[in-house]
Each structure stands twice: as C-alpha cells, then as structure tokens.
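# Summary of the model geometry
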Amino acid sequence: MSQPAFPGSVSRSDPDLTDRQRQVFAALVMLHRRCASPVGSETLALQSGIPLSPASIRMALAELESMGLLERARASGGRVPTAGGFEFYVRALLEPATLPADILAEVNRALLSSTRDIEHLLNEASRLLSSLTFQLGLALAAPLDDEQVRGIELAPLDRRRSLMVLGLGGASVRTVVLELESPLERDQLAMVQSVLRERLVGRPLSEARARLASDPDLARDSAVRLVVRAAMAGWSRPVSTPLFAAGAMHIAEHPEFASSAQLGSILRVVEAGRPLDRLMMASVEGEVAVRVGVDEDRALAGCSLVSYALPGTVRGAVGVLGPLRMDYARVFAAVDAVGTRISELL
C-alpha cells in the first residue's frame, strides 16, 4: 500500500548519495519530466549542464540503478526513475517553490467569489488546481458521523496545545488540535486519554461529540474539562460532498495515458471516488503530502496523488492526480496555496 511522503522526511534506509550521484539523479528527473521519455548519458551530458563526462555520467547512472532509484525502460535505451526513485526525490531532493504573487491573488479572488456554499467552493478549488498544474484537480469533504470511534490518543504539541487523534472505523483518522486554556502535563493528558477512551470508544462519532457536550462524568475533573472544552471549540459537524474533479483534458494529453483504455480506467476510478477520497484524507491535516504510485487500485499505479487534508471544522481535502513525472515543486505549491486558503474560508 502506498504511503504518504513529505518533503524533508528522510529516513535511515535512504541511499546516501554522493554529490555526483545527486546531480545526475536530479538532472535526470528534470529531463524526464520535460520529455516523458527515457534519458541516456549522452542526453544528460548535452542538456543537463552537469560538468561530467558521458563516461562519468554512465557510471553514476549504473550506481543509481543498483540502488533502485532508476530503471532501464529498454535493454539498450535510457533510464527513468522508479516509483521509489520519485518518492526519494520528493522527500530528499525537492526544492520548494512558491506561486507568483499575481497567481496567489487570483486564487484568493476565485475562492472568495465561491464561498456561498461548500460545494461551489470545492468545485472551484478543483478547477483552480487543474488550471495551475495542468493535471487533474480534486476536492472533497465528507462526513464521519456514522463511523465508530475505535481509539483516542492525546499527544502534547507545546505547553498549551495538544493533538487529539481519533481512530475511526474504516481505517479513517480524525485529528483535532486542542488549544488549552491552561497547560497540562503528560501524566494529566494520559489520565484524560484514559477517561475519554472509557466514555467514547465504541460509539458513533456523532454520539461521541454529543457526549463530550453533555456527559456529567466528563465535567468532574478539571483536566478533563479543559480537554473537553478545547475539543468542542475545535470540532464542528462536517458536511458531505462528492469528489469534485476537473481537468480530464490535461491528463489525457500526457503520453503515459495515451491509451484510451488506460485513460478510461483512471477516469472511472475518479468518477467512483474510491480509493482517492480515502487516500486524500488519510494524511496529516494542514500538510501537503504525496503518494507516489497509487497501488491501491491498479488503474492508478502510474499516477501520483498530491493532497492536502483540510484542518479545521470541515473534514475534507484538495489534491492533484497526475503522472509519476509531474512537476512536484509546482504541484506542491499549488495544492498548499489552495488548501490553505480554503481552510481559512471554511
């Protein structure tokens, strides 16, 4: 199952690249993104600007292939990044990008004019993301009121903020940042966690929310009262919308999806909503993340999903679906800008 990746989230198992290997790998990713074709050592030597001979580049390519970051498209052809290579690139080598001020202003104007209802706002968000990235723009919000609370975790963020993580049925997770009126120590949070688990686990989310507001047993201890008040302040009833998608013509232009059968399979998954809706929201709220090679559905194996789970009162997400070689820096910047602004408007 594909896992969300975040820029800067390096791991001990990552390959330790030399400067030469990093240069060659980053250049190959850039050239492959532009041409959608395998890239050979001669092309790298001529077009990348790397001050290395073709022989040195060939050696670096062979080393990168042995690490699993590259693979040969054909026996005698050039190389392309593997799904793992793209994921490593995003986590370890991606340079952040920002949208120009005029584009950000246009995003703000478009979303401000669409706030009359949640469906119109999310539909506009998907259209904006498609036009900014030339990929498939996605947006949704969904209810979880009928899901059972399976677990509750409380973790300190700082002296007056804690994170409440609700494990729900269907492997869904709801996170709420608690703004506490007074600081609580770790042992106090652990005690509150135990009380909340006893009173709320096993109940539907809607009932758990109601019980937070009305259960007298949750008002007896001062630490529990603090957490309950903070949870109620940051937790409101969500709304329900379908998965909005825009930009099918963009994704149809990519050579990876030139086959009508392949394109049709992707669009059918988008129309059905699953598993994209679940994957888009199964991430850290308020952070852009990418799933490279979405293997939850065979039709999406050649795609990457960049998404932003909305923090705040409405549980939802915005995102972009496109080929593995998408311009991740541009897509990350667009998804972050649109997701952040929607969070402020909801």
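Another point: the environment of Glu-185. One can find Glu-185 in the loop between β6 (173–179) and α7 (186–200). Along the primary structure Glu-185 and Arg-160 are separated by 25 residues, whereas in three dimensions their C-alpha atoms are 9.8 Å apart.

Strand β3 (residues 136–141) sits mainly inside the fold: six of its six residues count as buried. Of the two faces of β3, the one holding Leu-136, Leu-138 and Leu-140 and the one holding Gly-137, Ala-139 and Ala-141 are both buried throughout. In this structure, β3 lies alongside strand β10 (residues 316–323), joined through six bridges in antiparallel fashion. When the bridges of β10 are listed, Gly-137 appears paired with Val-320. Pairing between β3 and strand β7 (residues 244–246): three bridges, direction antiparallel. In the sheet register, Ala-139 faces β7, and the bridge partner there is Phe-244.

It is at 10 Å that the axes of α7 and helix α8 (residues 205–214) come closest, and there the two elements cross at 120°. By the angle between their axes, α7 is oblique relative to α8. For the pair α7 and α8, the sense of crossing is right-handed. Seen from α7, the contacting residues are Leu-196, Arg-199 and Leu-200; seen from α8, they are Ala-208, Arg-211 and Leu-212. Grouping the amino acids of the contact of α7 with α8 by side-chain chemistry returns four nonpolar, no polar and two charged.

Tracing the backbone through its elements, the reader meets Arg-34 in helix α1 (residues 19–35). On the basis of relative accessible area, Arg-34 is assigned to the exposed category, the value being 59%.

The subject of this paragraph is the packing of aromatic side chains. Overall, the coordinates contain three aromatic pairs when judged by the stated rule. A ring pair is formed by Phe-25 and Tyr-89, whose centres lie 6.5 Å apart and whose planes are at 75°; its orientation type is edge-to-face. In this pair, Phe-25 is assigned in helix α1 and Tyr-89 in helix α4 (residues 83–93), connecting sequence segments 64 residues apart. Assigned by exposure class, Phe-25 and Tyr-89 land together as buried. Considering the side-chain rings of Phe-86 and Tyr-328, the 6.2 Å spacing of their centres and the 50° angle between planes classify their relative orientation as tilted. Of this pair, Phe-86 sits in helix α4 while Tyr-328 is found in helix α13 (residues 328–345), placing the two residues 242 residues apart along the sequence.

Right, let's get into the pattern of salt bridges. Across all of its chains, the model carries 19 salt bridges by this definition. A salt bridge links Arg-79 to Glu-65, with the shortest nitrogen-to-oxygen separation between them at 2.8 Å. Here the residue Arg-79 occupies a position in strand β2 (residues 79–81), and Glu-65 occupies one in helix α3 (residues 54–66), the gap between them amounting to 14 residues. When its relative accessible area of 8% is taken as the criterion, Arg-79 is described as buried. With its nearest N and O atoms 2.9 Å apart, the salt bridge here joins Arg-199 to Asp-215. Remark: Asp-215 occurs in the loop between α8 and α9 (222–233) and Arg-199 occurs in helix α7; sequence separation between them is 16 residues. Under the relative-accessibility criterion, Asp-215 is labelled buried at 9%. Each of Arg-199, Arg-211, Asp-215, Asp-217 and Arg-220 takes part in salt bridges that share partners, so that together they form one network.

With that out of the way, let us pick up the sheet that holds β10. Overall, antiparallel pairing links the five strands, which are arranged β7-β3-β10-β9-β8 in an open sheet. Looking at strand neighbours, the two that pair on one side only are β7 and β8 (288–292), the edges of this open sheet. Each neighbouring strand pair of the sheet contributes to a mean axis angle of 20°, computed without reference to strand direction. Judged from the five bridges that link them, β8 and strand β9 (residues 303–309) form a sheet pairing that is antiparallel. Note on β9: the bridge partner recorded for Val-290 is Val-306. On top of the sheet, α13 reaches β8, β9 and β10; it is set at about 30° to β9, its chief contact.

Basis of the calculations
Residues numbered from 1 in each chain as written. Predicted model: local features only at pLDDT ≥ 70, side-chain atom pairs only at ≥ 80, totals over all residues. Heavy atoms only, no water. Helix = DSSP H or I, 4+ residues; strand = E, 2+ residues; numbered from the N terminus. Buried < 20%, exposed > 50% of the residue type's maximum accessible area, 1.4 Å probe, protein only. Pairing = 2+ DSSP bridges. Axes fitted to C-alpha atoms, helices over the stretch in contact; angles between N-to-C directions. Parallel < 35°, antiparallel > 145°, perpendicular 65-115°, else oblique. Left-handed = near helix turned anticlockwise from the far one by under 90°. Contact = heavy atoms within 4.5 Å. Nonpolar A, V, L, I, M, F, W, Y, C, P; charged D, E, K, R; others polar. Phe/Tyr/Trp six-rings, centres within 6.5 Å; stacked < 30°, edge-to-face > 60°. Salt bridge = Lys/Arg side-chain N within 4 Å of Asp/Glu carboxyl O.

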